[in-house]
Amino acid sequence: MAGEHFPSLSPRGWEALLRGRFDPALGPPGFRLIRSDGGRAVVEVGHRSMGTARTAWNGPLPQGGRLATVRTWGTLVGAKRWLATRRRPG
């Protein structure tokens, strides 16, 4: 999965932000941050967890802004290409 409009964070910051969006009653989320660049990130999620991850990660942030997943790929090739072509501030 890939998303944008995330805040720019360190890898540990990303992990904490994304993990904190899951309901603790559902158990630990299964995901791995692959790469981030500015306001975009690529996260590996098991196919059985995609729906739960999308539900948890899409929505407003308490400090303002919004998290939004925008794409899902079967392999990381397309996701990494998407990240490399990120929109530059104009």
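Refer to the structure presented above.
Residues numbered from 1 in each chain as written. Predicted model: local features only at pLDDT ≥ 70, side-chain atom pairs only at ≥ 80, totals over all residues. Heavy atoms only, no water.

### A closer look at the packing of aromatic side chains
Here's step 1: Scanning the model with the defined rule gives 3 aromatic pairs in all.
Here's step 2: The interplanar angle of 85 degrees and the centroid separation of 5.6 Å between the aromatic rings of Phe 22 and Trp 57 together place this pair among those described as edge-to-face. Of the two residues, Phe 22 is situated in the loop between helix 1 (11-20) and strand 2 (31-37) and Trp 57 in helix 2 (residues 50-57); the sequence distance between them amounts to 35 residues.
Here's step 3: Given a relative accessible area of 13%, Phe 22 falls into the buried group.
Here's step 4: Given the relative accessible area of 2%, Trp 57 is considered buried.
Here's step 5: An aromatic cluster is built from Phe 22, Phe 31 and Trp 57, whose rings are joined through pairwise contacts. (Phe/Tyr/Trp six-rings, centres within 6.5 Å; stacked < 30°, edge-to-face > 60°. Helix = DSSP H or I, 4+ residues; strand = E, 2+ residues; numbered from the N terminus. Buried < 20%, exposed > 50% of the residue type's maximum accessible area, 1.4 Å probe, protein only.)

### Things to note about the pairing of strand 5 (residues 66-71)
Here's step 1: In this structure, strand 4 (residues 59-60) lies alongside strand 5, joined through 2 bridges in antiparallel fashion. In the sheet register, Pro 60 faces strand 5, and the bridge partner there is Arg 66.
Here's step 2: Counted along the chain from strand 4 to the antiparallel partner strand 5, the turn is 5 residues long, and its residue Gly 64 has a positive phi close to 105 degrees. (Pairing = 2+ DSSP bridges.)

### Re the nonpolar core
Here's step 1: Judged by nonpolar contacts, Trp 14, Leu 18, Phe 22, Phe 31, Leu 33, Ala 41, Val 43, Val 45, Ala 53, Ala 56 and Trp 57 together constitute the single largest core of 11 residues.
Here's step 2: Breaking this core down by element, the ones donating at least two residues are helix 1, strand 2, strand 3 (40-45) and helix 2.
Here's step 3: The residues touching Phe 22, leaving out its near neighbours within four places in the chain, are Pro 29, Phe 31, Thr 52, Ala 53, Ala 56 and Trp 57. (Core = buried A, V, L, I, M, F, W, Y, C linked by side-chain atoms within 4.5 Å. Contact = heavy atoms within 4.5 Å.)

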